[in-house]
Amino acid sequence: MTAMVKAEGVHKSFGAAHILKGIDLEVAPREVFCLIGPSGSGKSTFLRCINHLEQLSAGRLYVDGELVGYRQKGDKLYELKDSEVALKRRDIGMVFQRFNLFPHMTAIENVMEAPVQVKHESKAVARARAEKLLDRVGLGDKAKNYPSQLSGGQQQRVAIARALAMEPKLMLFDEPTSALDPELVGDVLDVMRGLAEDGMTMIVVTHEMGFAREVGDALVFMDDGVVVESGHPRDVLTNPQHDRTKSFLSKVL
Ligand code: ADP
Ligand code: MG
């Protein structure tokens, strides 16, 4: 079975700052893969590499068996053109800490935007799907609300629906609940749990250890640009092997 994501010796530097120092990991299809670690350890940078937002300094990254950033011909690699990168990025949904909805568009317009603009879908088709997606995230009755008329948790659920509208094969979540008031976190996690149950492949950067334990299939603890420890969430969270993992967990659990 082809891994949905495979990282082989991934390095990333910004100038002299060496941020990712050789990441190796594999995410299987339909897996919920949780990524935890202290601030500054390189989690967002790693997600950005998967999503073609950063170029690797060394190593290889594959999404669904295809090399990120390059086309392989024989034993030669050619850098992808912007238009080719754009095509690949369609298959990956990303949800950030900040919801980044278009403020001048209603919830349903936000969800319809990419399919219409990027995939040139008809508005009728895009609208029908957007209605279903808003229902799925529990916001069927908020379709005509503008972002400013929604709570942070509702905006984040619209952002998830917007990402799903492109029918991605992989969803990346970068601390999707970190900016939310505590009472709004549960609804967003419930939507993510539903997605997991439907078989979506997800990489989730999170400090929500309850979610990681209950929903996660795999968990990686990253620190200072390396994978320190990985395994089943229950094992890593209840029986961490490394001092750095123990110290981190003692602060967040
Ligand atoms: P995390 O998501 O684990 O908190 P990040 O991946 O955001 O960590 O950042 C890891 C390190 O990389 C930080 O020290 C950050 O300042 C640095 N960094 C991230 N992006 C850039 C950039 N574009 N230019 C320079 N440094 C960056
Ligand atoms: Mg981050």
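Residues numbered from 1 in each chain as written. Chains lettered and ligands numbered in written order. Predicted model: local features only at pLDDT ≥ 70, side-chain atom pairs only at ≥ 80, totals over all residues. Heavy atoms only, no water.

Caption draft 1: Fine view of the overall build of the protein chain. Looking only at helices and strands, the protein chain has nine helices and twelve strands in total. For a compact globule of 253 residues, the expected C-alpha radius of gyration is about 18 Å, and the protein chain comes in at 18 Å, within 12% of that figure. Every one of the 253 residues in the protein chain was classed for burial, and the buried ones make up 49%. Taking the intrachain contacts of the protein chain between residues at least 6 apart in sequence as the baseline, contacts between residues at least 24 apart amount to 63%. Here the protein chain has roughly 12200 Å² of accessible surface; of this, 46% comes from carbon and sulfur atoms. Taken together, the 32 basic and 35 acidic charged side chains of the protein chain have centroids lying 4 Å from each other. (Helix = DSSP H or I, 4+ residues; strand = E, 2+ residues; numbered from the N terminus. Rg over C-alpha atoms; globule rule 2.2 N^0.38 Å. Buried < 20%, exposed > 50% of the residue type's maximum accessible area, 1.4 Å probe, protein only. Contact = heavy atoms within 4.5 Å. Areas by Shrake-Rupley, 256 points an atom, 1.4 Å probe, with all protein chains shown as cover. Lys, Arg positive; Asp, Glu negative; His and termini not counted. Charge placed at Lys NZ, Arg CZ, Asp CG, Glu CD.)

Caption draft 2: The pattern of salt bridges, seen in detail. Within this structure, the stated rule accounts for 14 salt bridges. In this structure, Lys169 and Asp64 form a salt bridge, with 3.0 Å as the shortest nitrogen-oxygen distance. Placement of Lys169 in the loop between helix H5 (152–164) and strand S9 (170–174) and of Asp64 in the loop between strand S4 (58–63) and strand S5 (66–67) is noted, with a sequence separation of 105 residues between them. By relative accessible area, which is 32% here, Asp64 ends up partly exposed. Glu167 is the salt-bridge partner of Arg129, the closest N and O atoms lying 3.4 Å from each other. On the criterion of sequence distance, the pair formed by Arg129 in helix H4 (residues 123–136) and Glu167 in the loop between H5 and S9 is long-range, its members being 38 residues apart. Here Arg129 falls in the buried class, since its relative accessible area comes to 16%. What emerges from the salt-bridge pattern is a single network uniting Asp64, Asp91 and Lys169. (Salt bridge = Lys/Arg side-chain N within 4 Å of Asp/Glu carboxyl O.)

Caption draft 3: Quick peek at helix H1 (residues 43–50). Of all the eight residues making up H1, six are buried; the element is thus mostly covered by neighbouring parts of the structure. By the burial criterion, the buried members of H1 are Lys43, Thr45, Phe46, Leu47, Cys49 and Ile50. A positive phi of about 65 degrees marks His52, the residue just after H1.

Caption draft 4: Up close: the site of ligand 1. Residues in close proximity to ligand 1 include Phe14, Ile19, Pro38, Ser39, Gly40, Ser41, Gly42, Lys43, Ser44 and Thr45, which together make up its full environment. Gly40 places a polar main-chain atom, nitrogen or oxygen, 2.7 Å from an oxygen atom of ligand 1. A distance of 2.8 Å is found between an oxygen atom of ligand 1 and a side-chain nitrogen or oxygen belonging to Lys43. Here ligand 1 has 570 Å² of accessible area as a free molecule, and 57% of this is covered by the chains. Of all the elements, H1 adds the most residues to the shell around ligand 1, at three residues. Residue composition of the shell around ligand 1, grouped by class: three nonpolar, six polar and one charged. (Near = heavy atom within 4 Å. Polar contact = N/O pair within 3.5 Å; in protein donor to acceptor, adjacent residues only side chain to side chain. Nonpolar A, V, L, I, M, F, W, Y, C, P; charged D, E, K, R; others polar.)

Caption draft 5: Representation of the packing of helix H3 (residues 107–117) against H5. Following both chains from N to C, one finds H3 and H5 inclined at 25 degrees, their axes separated by 8 Å at the closest point. Of the possible angle classes, the one that applies to H3 and H5 is roughly parallel. Where H3 crosses over H5, the handedness of that crossing is right-handed. Contacts between H3 and H5 involve Ala107, Asn110 and Val111 from the former and Val158, Ala161 and Arg162 from the latter. A class-by-class count of the residues in the contact of H3 with H5 yields four nonpolar, one polar and one charged. (Axes fitted to C-alpha atoms, helices over the stretch in contact; angles between N-to-C directions. Parallel < 35°, antiparallel > 145°, perpendicular 65-115°, else oblique. Left-handed = near helix turned anticlockwise from the far one by under 90°.)

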